[in-house]
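Inside the fold
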Amino acid sequence: FFQYCLSGHPTLPCNVLKFKSTTIMLDCGLDMTSTLNFLPLPLVQSPRLSNLPGWSLKDGNVFLDKELKECSGHVFVDSVPEFCLPETELIDLSTVDVILISNYHCMMALPYITEHTGFTGTVYATEPTVQIGRLLMEELVNFIERVPKAQSASLWKNKDIQRLLPSPLKDAVEVSTWRRCYTMQEVNSALSKIQLVGYSQKIELFGAVQVTPLSSGYALGSSNWIIQSHYEKVSYVSGSSLLTTHPQPMDQASLKNSDVLVLTGLTQIPTANPDGMVGEFFSNLALTVRNGGNVLVPCYPSGVIYDLLECLYQYIDSAGLSSIPFYFISPVANSSLEFSQIFAEWLCHNKQTKVYLPEPPFPHAELIQTNKLKHYPSIHGDFSNDFRQPCVVFTGHPSLRFGDVVHFMELWGKSSLNTVIFTEPDFSYLEALAPYQPLAMKCIYCPIDTRLNFIQVSKLLKEVQPLHVVCPEQYTQPPPAQAHRMDLMIDCQPPPMSYRRAEVLALPFKRRYEKIEIMPELADSLVPMEIKPGISLATVSAVLHTKDNKHVLQPPPRPVQPTGGKKRKRVTDDIPDCKVLKPLLSGSIPVEQFVQTLEKEQHGFSDIKVEDTAKGHIVLLQEAETLIQIEEDSTHIICDNDEMLRVRLRDLVLKFLQKF
Amino acid sequence: MDPECAQLLPGLCAALADPGQPLADDTCLEKLLDWFKALTEAGSSLQLLQDSPCLVELLLQVPKTLGLSPRVLAFSLRLAGLLAAQEDCFQFLQQGELLPGLFGEAGPLGGAAWTAPTVRSGWIQGLRSLAQHPSALHFLADLGALDTVVSLQGDSSLFVASAAGQLLAHILGLSLRGQAEGHPGPQVCDWPASAQRIVGHIEESLCSPATPRVTQALNVLTTTFGHCHHPWTQVLWARLSPLVACLLEKDPVPAAHSLVDLLLSVARSPALELRPAAGWETVAQASGPAWIPAHAGPPASGAPERCRTGEGGLLGGRLKGAAGLAVRGPEQHFPGLPAGPEGDPAVADTLLSSRSACVGLLCQTLAHLELLQPLPQRPAPWPQAPLLGAAVTVLRFCNGSAVPASGSDVGGRLCAILASCVRVQRAALGFLGALSEDTGPPELVTQVFAVLLDYLQSPDSSPTVLKKAFQATLRWLLSASTRRGCCDLDPPTQLFLRELLPVLQRRLCSPCWEVRDSGLEFLTQVVGRWAGQAGFRHALLASEVPQLAQQLLQDPESYVRASAVTAVGQLSSRGLHASPAGPEHLGGPQKSLLPELLHVLAADSEGFPPQGMQVFTQWLRDGHAEVAEDTERFVARVLQAASRDLDWEVRAQGLELARVFLEQTLGQPGSRCPYAVAAPEAAAPGRVAQALRASCRVQLVEFAFRALFDYDRPVAQKSCDLLLFLRDQAAPWDSLQEAGGSPDVAVEAALQRWR
């Protein structure tokens, strides 16, 4: 039982589990924070960005000035943004049998794995995960492909050169493995390998392992996974939430009795309470708009945006914002808003009941109907005709490196009336803003991360009581910026086993049992004997048949009657010899009674000494120079070449034991 | 009793004793009892009974009447108790065997009516009133009432059970009332039988394995020590404290909350303060660390310290214990406080092992300190600075900004326990607010404002925490200006207020209505206090707070609308309302405020608070520009709307406004000034006629007459006052007398009586 840890990002995990005879990849998250090192891709030609000065080394060497640009004291790579892939060298990924996806944010590296590693297995995910995951990938590909960049920088990745660069470029890890974005073709091919599953559906893997997705409460279709054999159980918890938002609530009960619980995807902002942040979001939004400013919300096209739109629906009138247009701009905006309304079975109870009324589960339908919320595939086309200010724009990408958001940052960044409100917790907002500095617009950081916080984790672990917890190393110590916050780490007994990128972890399993089925006719032939009240034993002679990781005891073939034929027996016909079996013994020898019997007349031993040893007793027949060692699981009769005596004593010993 | 009442009383009694007369509600019975209580307090009950034989008749008849409402039965029991509180009246009633008929076996006790909790409660309350003199004790003994009271302690109705406990404590006090003052008195074995009986019952209960019985006994003791500080309480405590100590040894400690209450009550008792009972030591020893985490009771482990530093020191020590644990060495941080639990690492360890225990202890300590702070008998010197420091530290722990000493495991654990703990936050903010009554070292006060601003700014502050933070802020601001001797604020406080405005602005835009409401309340109070401050005015006008407040008049939540009315009214009174020239305002041109508020008053019965009427009254007094334009129209509209309002306070305030209007039209703006030298005089006839005409035009008299029959007494009383004032002004009393036989005399008399 091993876990290969291919990602160091705690919320974008990628682990491979060797469990029994299967190789299971748990999620394949894509670390996109690498894109923060790149210059933004503007939709409209930006004189500011294209005129940034090239970066030169301290000694004045300018050979990197084409690749690296300087902006407000920061250095950026002027190239197509690249992503940090999961580790591909640690394990041969072509041996991976299945990939289990827990939510749409944790599948963004899928095309890299399925299309470039020789992977031939199956991917399992729920339907909303696949559909929304597809939207996220489609948006990503679209954002990057619609701004073609001729240049692809690679010089700076040279290890010797990288050392000379300023932070954070200098400290970027594994830059040589960074890859450009996949294509839509690769996306389609990767998604075609996915098999859809439903919550609590049991999926057999090669007879050895059963995997089951459970609702995790974090996003539409998000799941945790149970991976179990007959006697071992691993729970994989990734991106779960106990808050009442739109998805189905988290299924905690099924996580009980786990030998190992792999815990990933906790909140990235443990000190921020989502409710407080939503309050902050709306207060700032209202204040900005009241002042005639615009609000920009960099976001993903699915997820928290649904909840924000719902809150907006309730808040819009009371805050006097009815006349303010809300725009949602994304190549997949329409699909995302529509998909959310059709996945009723994956929604929380309240929303499910709406469907039977029938009403749309999410109120953004009404916002769209009343023209308060408008959505567009991009800033080009209809949007430019409808655009009215002051307004609120929800658009991607939250890294501020590509997507329509780049345009709005350039457009609104110079006015202090405008505000950008960060709600997605995946990117450091200061780093995201770095290439836009100096910036006059107000920046508000309201990260809304509904995933489990440490208090909730602590309650969860108390509730489900796994024998062992495995988690990323980041969760075993307080965040570096708040080293005194001992409450911001996982606290459980025994302490969690931690992992980091490119590490292999031996999971603490003790394999003790294996399930073996017994054929009915064989079972029928058994004659159990009760050796203790409630415990019966029976001997069984059978052939153990193992196929597809299933073990079956079959009746032994009948002994072949010697045919006496002329044909010589062929080797292939050879069958196991069925010898006459010795009876099995059980019970313990009561020493006192045993000695008394020896002393009786028919045996006639006198001068018997009994010594207690650590393991049992030694009965010494001094006259006969014989020792009888009686231990818990063995009895030895040691006598000098007196086979008769030995057999007599043996039979006496046997009298005190049960046989069957 | 006035003749009219005397006339009405027989009819009333007959109606009460008639089971066929249903009672709409029992508030009238309560009012009636209030009235009888006032009568008996003012005069002789015996006289009352002799003057009104119908009362005796009622009390005699009630227990015999079948099918009588339990409420009437309870009323009669309480009335009888009230009357029998005076010994002569008691004797009178006893002669007629009336009391046993009501309170004994012959009465409702044990009958079908006894199943009604109201009747049982009435029985107890009657006896409680009655038990005021030695004769009553004999009566109770003859009746065997003690057994019933004891059994009622376990009554299914909480009210009855609690009243029974209180009655026991009262009887105990009464039976020992004669003991010599200033001397602990004889031992329990020499006490009167009834007292011994009660003590015996308490002892039995304290030893009982049933927790409810222990709770009952503890509650009786808590009431006793809380209300009675006679020397005999020392004897009682000396006898019972070993039993209480035994409770502390049990695991788990039974009835922990009641036990803590008892120990606090003992700690506060001045009788025990004089001479600490020997039991203290036992208690202190018994209260090892084991019970603290489980039940978090403050005084026990520090009890001996009480002799040295008083309760404040004890609690302070505890607070420090929690706050200062390993922050940087407690003594260094909070000098002047006695050692708290951190003195003993084992205690600290056990305390910190349970989150709920630690939080419970801290909340309780903070709440007790908050109660203790304003008391005159609080310990002197009051350790203000250390307590202030401790409160700030606790708050910092709660929001995660306190950094425990490096390598301090205890600090880290405390940090983990307190992080985001709303309960402790609320308690600590409440206490911090209370500490504003005294000042502290300037650097600590700066820290106080800093931590308050942190809480007000933090998006993670829950609405209840935020409300507490606003309240504490206001108290500290007030204390800052009071200490300067004028309403001016010192520069740091002014700076704080300026920093506060953007926060307030955000809070007023919060999606959570409780937050908007607290923000508005705070705004109203701040404006009321510092509107005259140039710096504050300037900062407020430069902010969007006034506009936001005005916008909240349309809030979907009625509480917020009500608070917005008050806030906007206050802003407008002080000339701080939203500027009509706000260029970016979305709502188009600014509307006049008065029609808007009048519209709220007329159309939104939930959204207009009594304070809103005060605003109108203030406007009328101050001659607010919008009111002055057409005062009569304003008054007419306000009175018309107020008369229809569901809130009696609004109607009462309407009468206040009517009075101001009358005074103004009569030309007597100063007539209600308490400092006026001359007595109010009647206005000149010409003015009177003018005022009366104006009153008719605004339908003031109609409003007042309608209010005279208001369901709510304060409104009717206020209306009486107003009409009498008007009569005084229109025709002085003498002239009426001279005129003689005016048909108005009867009305006048009625009004006077109403008053």
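Residues numbered from 1 in each chain as written. Chains lettered and ligands numbered in written order. Predicted model: local features only at pLDDT ≥ 70, side-chain atom pairs only at ≥ 80, totals over all residues. Heavy atoms only, no water.

1. Examining the overall build of chain A
Looking only at helices and strands, chain A has 17 helices and 35 strands in total. Against the compact-globule benchmark of 26 Å for 660 residues, chain A has a radius of gyration of 35 Å, which places it well outside the compact range. Its C-alpha atoms give chain A principal-axis dimensions of roughly 115 × 70 × 65 Å. In chain A, which comprises 660 residues, the share counted as buried stands at 51%. A total accessible area of about 30,900 Å² is found for chain A, and carbon and sulfur atoms account for 51% of it. (Helix = DSSP H or I, 4+ residues; strand = E, 2+ residues; numbered from the N terminus. Rg over C-alpha atoms; globule rule 2.2 N^0.38 Å. Buried < 20%, exposed > 50% of the residue type's maximum accessible area, 1.4 Å probe, protein only. Areas by Shrake-Rupley, 256 points an atom, 1.4 Å probe, with all protein chains shown as cover.)

2. Overview of the domain arrangement of chain A
All names here are of chain A. Domain boundaries in chain A define domain 1 (2–197), domain 2 (274–445) and domain 3 (585–659). If you average the C-alpha positions of domain 1 and of domain 2, the two centres end up 26 Å apart. Opposite the 37 residues of domain 1 that make contact, domain 2 presents 36 residues. Per-residue buried area on domain 1 facing domain 2 is highest for Leu36, Leu135 and Phe143; these three make up 20% of the total on that side. At the surface where domain 1 touches domain 2, the tally comes to two salt bridges. (Domains from an automatic or database assignment. Contact = heavy atoms within 4.5 Å. Buried area = accessible area lost by both parts, 1.4 Å probe. Salt bridge = Lys/Arg side-chain N within 4 Å of Asp/Glu carboxyl O.)

3. Comments concerning the pattern of salt bridges
All names here are of chain A. Evaluated as defined, the whole model comprises 38 salt bridges over all chains. Here arginine 146 and aspartate 404 are joined by a salt bridge, their closest N and O atoms 2.9 Å apart. Within this pair, whereas arginine 146 is found in the loop between α3 (127–145) and α4 (159–162), its partner aspartate 404 is found in the loop between β19 (392–395) and α12 (405–412), the two being separated by 258 residues in sequence. Taking relative accessible area as the criterion, aspartate 404 reaches 0% and is therefore assigned buried. Here glutamate 310 ties to lysine 351 by a salt bridge, and the two come within 2.8 Å at their closest N and O atoms. With glutamate 310 in helix α7 (residues 304–315) and lysine 351 in helix α9 (residues 349–355), this residue pair connects regions lying 41 residues apart in the sequence. By the burial criterion, glutamate 310 is buried, and lysine 351 matches it.

4. What about the side chain of threonine 22 of chain A?
Residues and elements named next belong to chain A. Relative to the helices and strands, threonine 22 is located in strand β3 (residues 22–26). By relative accessible area, which is 1% here, threonine 22 ends up buried. Here phenylalanine 19 takes part through its backbone oxygen, which lies 2.6 Å from a polar atom of the side chain of threonine 22. Residues in contact with threonine 22, not counting those within four places in the same chain, are Leu17, Asp97, Leu205, Phe206 and Val209. (Polar contact = N/O pair within 3.5 Å; in protein donor to acceptor, adjacent residues only side chain to side chain.)

5. What to know about the packing of helix α34 (residues 610–622) of chain B against helix α36 (residues 631–644) of chain B
All names here are of chain B. Two numbers describe how α34 lies on α36: the axes approach to 12 Å, and their chain directions differ by 160 degrees. Put simply, α34 runs roughly antiparallel to α36. Like other packed secondary-structure pairs, α34 and α36 cross with a definite hand, here left-handed. Contacts between α34 and α36 involve Met613, Phe616 and Leu620 on the former and, on the latter, Thr631, Phe634, Val635, Val638 and Ala642. (Axes fitted to C-alpha atoms, helices over the stretch in contact; angles between N-to-C directions. Parallel < 35°, antiparallel > 145°, perpendicular 65-115°, else oblique. Left-handed = near helix turned anticlockwise from the far one by under 90°.)

6. Considerations on the interface of chain B and chain A
Each partner contributes to the interface: chain B provides 27 residues, whereas chain A provides 24 residues. Between chain B and chain A, a total of about 2,200 Å² is buried, with carbon and sulfur atoms accounting for 55% of that surface. Inspection of the chain B/chain A interface yields two salt bridges. Here arginine 506 of chain B ties to glutamate 280 of chain A by a salt bridge, and the two come within 2.9 Å at their closest N and O atoms. Our count for the contact surface shared by chain B and chain A stands at nine residue pairs in polar contact (both at pLDDT 80 or more). If you list the elements that add at least two residues to the side of chain B that touches chain A, you get α24 (409–418), α28 (491–508) and α31 (545–551) of chain B.

7. Some points on the UniProt feature "domain: Beta-Casp" (unreviewed entry) in chain A
The UniProt record marks residues 305–433 of chain A with the feature "domain: Beta-Casp" (unreviewed entry), using the residue numbering of this structure. Secondary structure over residues 305–433 of chain A splits into 40% helix and 12% strand, and the C-alpha atoms at its two ends are 21 Å apart. (UniProt positions renumbered as here; feature names shortened; annotations may be inferred.)

8. A look at the environment of valine 392 of chain A
Residues and elements named next belong to chain A. Relative to the helices and strands, valine 392 resides in strand β19. Its relative accessible area of 0% is what places valine 392 among the buried residues. Residues valine 392 and threonine 419, 27 residues apart in the sequence, show an inter-C-alpha distance of 9.5 Å. Setting aside residues up to four positions removed in sequence, valine 392 forms contacts with Leu285, Val289, Val295, Val297, Ile324, Pro325, Phe326 and Tyr327.

9. Here's the deal with the packing of aromatic side chains
Inspection of every chain in the model, using the stated rule, returns 38 aromatic pairs over all chains. With centroids separated by 6.3 Å and ring planes inclined at 45 degrees, the aromatic side chains of phenylalanine 38 of chain A and tryptophan 178 of chain A adopt a geometry described as tilted. On the criterion of sequence distance, the pair formed by phenylalanine 38 of chain A in the loop between β3 and α1 (47–50) and tryptophan 178 of chain A in the loop between α4 and β9 (179–180) is long-range, its members being 140 residues apart. Taken together, the ring pairs in this structure connect Tyr327, Tyr376, Phe383, Phe387, Phe408 and Trp412 of chain A into an aromatic cluster. The ring of phenylalanine 362 of chain A has lysine 351 of chain A sitting right over it, with the charged end atom 5.0 Å from the ring centre. In this arrangement the basic side chain of arginine 659 of chain B is found over the ring face of phenylalanine 725 of chain B, its NZ or CZ atom lying 4.1 Å from the centre. (Phe/Tyr/Trp six-rings, centres within 6.5 Å; stacked < 30°, edge-to-face > 60°. Lys NZ or Arg CZ within 6 Å of the ring centre and 35° of its normal.)

10. Some remarks on the confidence of the model for chain B
All names here are of chain B. Taken over all residues, the pLDDT of chain B has a mean of 79, while the share at 70 or more is 79%. A low-confidence stretch, residues 581–590 (pLDDT under 50), is modelled with 11 contacts involving residues beyond four sequence positions or located in other chains. Scoring the predicted complex yields pTM 0.72 and, for the interface, ipTM 0.72. (pLDDT = per-residue confidence, 0-100.)

11. Points about the nonpolar core
Membership of the largest hydrophobic core comes to 237 residues, with the highest contact counts inside it found for Phe394 of chain A together with Phe616 of chain B. Setting aside residues no more than four positions away along its own chain, phenylalanine 616 of chain B makes contact with Leu594, Leu597, Leu598, Leu601, Phe608, Phe634, Val638 and Leu657 of chain B. By size, the runner-up hydrophobic cluster in this structure holds 91 residues, among which are Leu48, Val56, Ala195 and Ala255 of chain B. (Core = buried A, V, L, I, M, F, W, Y, C linked by side-chain atoms within 4.5 Å.)

12. A word on the sheet that holds strand β1 (residues 2–5) of chain A
Residues and elements named next belong to chain A. Strand order in the open sheet formed by seven strands is β10-β8-β7-β3-β2-β1-β24, and the pairing between neighbours is mixed. Since the sheet does not close on itself, it has two edges, and those belong to β10 (194–197) and β24 (503–506), each with one partner. Here the strands of the sheet are splayed against their neighbours by 25 degrees on average, with no regard to which way each runs. Along the sheet, α3 makes contact with β8 (122–126) and β10, crossing β8 at roughly 100 degrees. (Pairing = 2+ DSSP bridges.)

13. Here we look at the sheet that holds strand β29 (residues 550–554) of chain A
All names here are of chain A. Taken together, three strands build an open sheet; the order of strands is β25-β29-β28 and the sheet is mixed. One side of each edge strand has no neighbouring strand; the edge strands of this open sheet are β25 (516–518) and β28 (543–547). Along the sheet, successive strands turn relative to each other by an average axial angle of 30 degrees, direction set aside. Examined bridge by bridge, β25 and β29 share three bridges and lie parallel to one another. Across the sheet, the residue bridging to isoleucine 518 is leucine 553, located in β29.

14. Observations regarding the pairing of strand β4 (residues 68–71) of chain A
Residue and element names in this part refer to chain A. Pairing analysis gives four bridges linking β4 to strand β5 (residues 74–77), with the strands arranged antiparallel. Among the inter-strand pairings, cysteine 71 is bridged to a residue of β5, identified as histidine 74. Linkage of β4 to β5, two consecutive antiparallel strands, is achieved through a turn of two residues, within which serine 72 is found at a positive phi near 45 degrees.

15. So, the state of the cysteines
Working definition: the covalent bond between the sulfur atoms of two cysteines is a disulfide. Residue and element names in this part refer to chain A. On inspection of all chains with the given rule, the structure shows zero disulfides over all chains. Free of any disulfide, cysteine 299 has its nearest cysteine sulfur in cysteine 446, 13 Å distant. Unpaired in terms of disulfides, cysteine 348 finds its nearest cysteine sulfur in cysteine 311, a separation of 13 Å. Judged by relative accessible area, cysteine 348 falls into the buried class, the value being 10%. (Disulfide = S-S within 2.5 Å.)

16. Details of helix α5 (residues 184–191) of chain A
Residue and element names in this part refer to chain A. For α5, every residue scored as buried is listed here: Glu186, Val187, Ala190 and Leu191. In a view along the axis of α5, the buried residues occupy a sector of 130 degrees, so they form one face of it. Elements that come into contact with the buried residues of α5 comprise α2 (110–116), α3 and β10. (Arc of directions from axis to C-beta.)

17. Concerning the environment of aspartate 612 of chain A
Residues and elements named next belong to chain A. Residue placement: aspartate 612 occurs in strand β31 (residues 608–612). It is 54 Å that separates the C-alpha atoms of aspartate 612 and isoleucine 24, two residues lying 588 residues apart in sequence. Of the polar contacts made by the side chain of aspartate 612, one reaches the side chain of histidine 617; its length is 2.7 Å.

18. A short note on the side chain of threonine 129 of chain A
Residues and elements named next belong to chain A. Inspection of the secondary structure puts threonine 129 in helix α3. At 2.9 Å, the side chain of threonine 129 forms a polar contact with the backbone oxygen of glycine 221. For threonine 129, the residues in contact, after removing those within four places along its chain, are Ile101, Asn103, Tyr104, Met107, Arg134, Leu220, Gly221 and Ser222.

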